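Listed below, chain by chain, are the residues.
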Amino acid sequence: DGTGTLIKNGSSFTGFVLLGFSDRPQLELVLFVVLLIFYLFTLLGNTTIIALSHLDPHLQTPMYFFLSNLSFLDLCYTTSTVPQLLVHLRGADKSISFGGCIVQLLVALGLGSTECILLGVMAFDRYAAICRPLHYTVVMHPRLCALMASASWVIGFANSSLQTVLTFLVPLCGRNKIDHFFCEVPPLLKLACVDTTANESELFFVSVIILLVPVALIIFSYGRIVRAVLRIKSSAGQRKAFGTCGSHITVPSNNYSQDHGKFVSLFYTIVTPMVNPVIYTLRNKDVTGAMKKVLCRDCDSR
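Residues numbered from 1 in each chain as written. Predicted model: local features only at pLDDT ≥ 70, side-chain atom pairs only at ≥ 80, totals over all residues. Heavy atoms only, no water.

Things to note about the UniProt feature "transmembrane region" (unreviewed entry) in the chain
Link 1 in the chain: When the UniProt feature table is mapped to this numbering, "transmembrane region" (unreviewed entry) covers residues 29–52, 64–82, 102–124, 144–162 and 203–223.
Link 2 in the chain: Segment residues 29–52 splits into 100% helix and 0% strand. End C-alpha atoms: 35 Å apart.
Link 3 in the chain: In the segment residues 144–162, helix accounts for 100% and strand for 0%; the C-alpha atoms at its two ends are 27 Å apart. (UniProt positions renumbered as here; feature names shortened; annotations may be inferred. Helix = DSSP H or I, 4+ residues; strand = E, 2+ residues; numbered from the N terminus.)

Thoughts on the packing of helix α2 (residues 62–79) against helix α6 (residues 142–168)
Link 1 in the chain: Their axes nearest at 10 Å, the elements α2 and α6 cross at an angle of 25°. In terms of axis orientation, α2 runs roughly parallel to α6. As for how α2 packs across α6, the hand of that crossing is right-handed. Between α2 and α6, the residues in contact are P62, F65, F66, N69, F72 and L73 and C145, A146, M148, A149 and W153, respectively. (Axes fitted to C-alpha atoms, helices over the stretch in contact; angles between N-to-C directions. Parallel < 35°, antiparallel > 145°, perpendicular 65-115°, else oblique. Left-handed = near helix turned anticlockwise from the far one by under 90°. Contact = heavy atoms within 4.5 Å.)

With respect to the sheet that holds strand β5 (residues 177–178)
Link 1 in the chain: Strands sit in the order β4-β3-β5 across an open sheet of three strands; the sheet is mixed. In the strand order of this sheet, the two ends are held by β4 (95–97) and β5, each with one partner. (Pairing = 2+ DSSP bridges.)

Some remarks on the confidence of the model for the chain
Link 1 in the chain: On average, residues of the chain carry a pLDDT of 80, and 81% of them reach 70 or more.
Link 2 in the chain: Low pLDDT, under 50, characterises residues 1–12; the stretch is placed with 20 contacts to residues that sit more than four places away or in other chains. (pLDDT = per-residue confidence, 0-100.)

Overview of the environment of L75
Link 1 in the chain: Structurally, L75 is set in helix α2.
Link 2 in the chain: When the C-alpha positions of L75 and T47 are compared, they lie 8.0 Å apart, and in sequence the two are 28 residues distant.

Description of the packing of aromatic side chains
Link 1 in the chain: Following the criterion strictly, the structure yields nine aromatic pairs and no others.
Link 2 in the chain: A centroid spacing of 6.0 Å and a plane angle of 40° characterise the contact between F124 and Y127, whose relative ring orientation is tilted. Here F124 and its partner Y127 are both found in helix α4 (residues 98–131), three residues apart, which amounts to about one turn of the helix.
Link 3 in the chain: Overall, F124 belongs to the partly exposed group, its relative accessible area being 21%.
Link 4 in the chain: Through successive ring pairs, a cluster of aromatic residues spans F16, F98 and F168. (Phe/Tyr/Trp six-rings, centres within 6.5 Å; stacked < 30°, edge-to-face > 60°. Buried < 20%, exposed > 50% of the residue type's maximum accessible area, 1.4 Å probe, protein only.)

Concerning the pattern of salt bridges
Link 1 in the chain: Tallying each qualifying case throughout the model produces two salt bridges.
Link 2 in the chain: The partner of E28 in a salt bridge is K94, with the nearest N and O atoms 3.4 Å apart. Taken together, the positions of E28 in helix α1 (residues 25–55) and K94 in the loop between α3 (82–90) and β4 put the pair 66 residues apart, joining distant regions of the chain.
Link 3 in the chain: Since its relative accessible area comes to 13%, E28 is described here as buried. (Salt bridge = Lys/Arg side-chain N within 4 Å of Asp/Glu carboxyl O.)

What to know about the nonpolar core
Among soluble globular proteins, nonpolar side chains are generally buried collectively.
Link 1 in the chain: In terms of nonpolar packing, the biggest core is built from 38 residues, with F21, L35, F66, L85, M140, L266 and I270 touching the most fellow members.
Link 2 in the chain: Elements with a minimum of two residues in this core: α1, α2, α3, α4, α6, α10 (262–283) and α11 (285–301). (Core = buried A, V, L, I, M, F, W, Y, C linked by side-chain atoms within 4.5 Å.)

Regarding the state of the cysteines
Link 1 in the chain: According to the stated counting rule, one finds two disulfides in the structure shown.
Link 2 in the chain: One disulfide bridge connects C101 with C183, the sulfur atoms lying 2.0 Å from each other. The S-S bond linking C101 to C183 shows a torsion near -120°; that makes this disulfide left-handed. One end of the pair, C101, is in helix α4; the other, C183, is in the loop between β5 and α7 (185–189), with 82 residues separating them in the sequence.
Link 3 in the chain: For C101, a relative accessible area of 0% puts it in the buried group. (Disulfide = S-S within 2.5 Å.)

Comments concerning the pairing of strand β3 (residues 15–18)
Link 1 in the chain: Here β3 shows two buried faces, one formed by G15 and V17 and the other by F16 and L18.
Link 2 in the chain: Looking at chain direction, β3 and β5 are connected through two bridges and run parallel. Bridging across to β5, L18 finds its partner in I178.

Here we look at the side chain of H88
Link 1 in the chain: Mapped onto the fold, H88 is located in helix α3.
Link 2 in the chain: Given a relative accessible area of 8%, H88 falls into the buried group.
Link 3 in the chain: Within the structure, the side chain of H88 is placed 3.4 Å from the backbone oxygen of S95, a separation counted as a polar contact.
Link 4 in the chain: Those residues in contact with H88, other than ones at most four positions away along the chain, are L18, D93, K94 and S95. (Polar contact = N/O pair within 3.5 Å; in protein donor to acceptor, adjacent residues only side chain to side chain.)

Below is the structure:
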């Protein structure tokens, strides 16, 4: 039927069908072209941020260390779903193996959880830079930065592992057609042939816990930052202070939207990772300056 084949082995099965946008065939070609362009810009923008953070000594600071982590995270998050979606948009086979679905859910959830925590860590970094400038280099020691970044990844993937196990413990009774373009918790739970209220409650509780700390840290950090900035008498000083952290406020969270509709998920999967480096690059003179230096160095070497 053009939507992939389910391979059955007794009562078990080895694959799912990702329906994606097959109910809107007239949109598939347009989506393919748009997503391909967005994906290429995402690769270019985030790779540029990572490269600049390592090449320019002036950008080897805690802020850009966390920013390069965020860019790497966005690269991985987009790559975990978009290449497969591009293949499905241009082909008749929409299938994904059972193991592939587990891995995709684990990775996408892990990266989304990690980003939530990392944004909280980045908010704390801006708080230390603006509210504790004299102690900043002591507080944000390279080893502490590495520890906080590592903790973000470990906690994010621990949460993802738990949610993935809870999701795939639900009996599906042979149902295999996922009304989504990648393996995500809500559409997977809709395949269940039993009441999933308990599972949804467990998943909601875990999600709230994993979000509570970074959200509290962001609110605390930016609350203190606003107070500190308002005390600055110079308008130029206020603009500079807001400029160092404004991009962190404008970056939306990748994974935890109330509406898990396909187009909303598509926005968070492809648009946000592409926009992140644009926000930082356009708003930060250090990044644009580093880019000019690298480009001029290349021109001179020729």
